[in-house]
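Descriptive structure summary
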Amino acid sequence: MSEQNPEPVSENSVTAVAPPKRPRHPLRGWFIALVIGVGLLVVSVLALSAVVWFSTSPERTNWGPERAVTVTVTTRDAVGTAQVAVGGQTSSAGLDSNLHQVNTWAEVVQFGEGVKVVVALSQDYTDTVSWEPTSSITCDISDATGSLSTASVDIVGNSAVCEWTNR
């Protein structure tokens, strides 16, 4: 093995000293955080505006066929109300079996929209011969193929709901 002897250093030599590092700017961390925050804000605003645009586009695309439906409300020995909502339109009607026993609404329902009928029984006509209550209000939503939804109410003060969505 060979011995390693370091070379002697002369007394006149100067050791190389690295120049001092520049001190960090005191606001550098805050600046980086601000840039990241602004970037995240821009991304979130773009995402939110895309969601708003797609959810409120002026032209609605129907992904399926529209269907013609008939809403029939039959009142038997009773007085009540019917509230029919198709899409965003709502209409109300007073029901009295002495005036009209059957009320009908013919509607065209767009794909994705629905029909909701709420019937309420407010008064029944009691048969003087029988003590059994015979009053009722029935709602039925149907199309050319048959009944889609049916509901009935026969107790004063109660309501029934029949609803259907075109899917």
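Check the entry above for the structure.
Here goes a summary of the coordinates provided. What you see is a predicted model, and the numbers here were worked out from it, not measured in a lab.

What counts and how
- Residues numbered from 1 in each chain as written.
- Predicted model: local features only at pLDDT ≥ 70, side-chain atom pairs only at ≥ 80, totals over all residues.
- Heavy atoms only, no water.
- Pairing = 2+ DSSP bridges.
- Helix = DSSP H or I, 4+ residues; strand = E, 2+ residues; numbered from the N terminus.
- Axes fitted to C-alpha atoms, helices over the stretch in contact; angles between N-to-C directions.
- Disulfide = S-S within 2.5 Å.
- Buried < 20%, exposed > 50% of the residue type's maximum accessible area, 1.4 Å probe, protein only.
- Salt bridge = Lys/Arg side-chain N within 4 Å of Asp/Glu carboxyl O.

Quick look at the sheet that holds strand E7 (residues 146-153) now. Read across the open sheet, the four strands follow the order E4-E1-E6-E7; overall the sheet is antiparallel. Each edge of the open sheet is held by one strand with a lone partner, namely strand E4 (102-109) and E7. Taking the axes of each pair of neighbouring strands and ignoring which way they run, one obtains an average angle of 15° across the sheet. Across eight bridges, the pairing between strand E1 (residues 67-76) and E4 is antiparallel. Across the sheet, residue Thr-72 finds its bridge partner in E4, namely Thr-104.

Looking now at the state of the cysteines. Scanning all chains against the criterion turns up one disulfide. Here Cys-139 connects covalently by a disulfide to Cys-162, the sulfurs 2.3 Å from one another. Here Cys-162 lies in strand E8 (residues 159-165) and Cys-139 lies in strand E6 (residues 136-143), a separation of 23 residues in the sequence. The class for Cys-139 is buried, based on a relative accessible area of 0%.

Attention shifts here to the pattern of salt bridges. Taken as a whole, this structure holds one salt bridge when the rule is applied. Asp-143 serves as the salt-bridge partner of Arg-67, at 2.3 Å between the closest nitrogen and oxygen. Linking Arg-67 in strand E1 with Asp-143 in strand E6, this pair joins segments that are 76 residues apart in sequence. Residue classification places Arg-67 among the partly exposed residues on the basis of a relative accessible area of 25%. Accessibility expressed as a relative area gives 15% for Asp-143, which makes it buried.

Attention shifts here to the sheet that holds strand E3 (residues 89-96). What the four strands build is an open sheet, ordered E3-E2-E5-E8; its pairing is antiparallel. Whereas interior strands pair on both sides, the edge strands pair on one side only; in this sheet they are E3 and E8. Along the sheet, successive strands turn relative to each other by an average axial angle of 15°, direction set aside. Inspection of the sheet shows strand E2 (residues 78-86) paired to strand E5 (residues 114-124) by nine bridges, in the antiparallel sense. Counterpart to Val-79 in the pairing with E5 is Gln-123.

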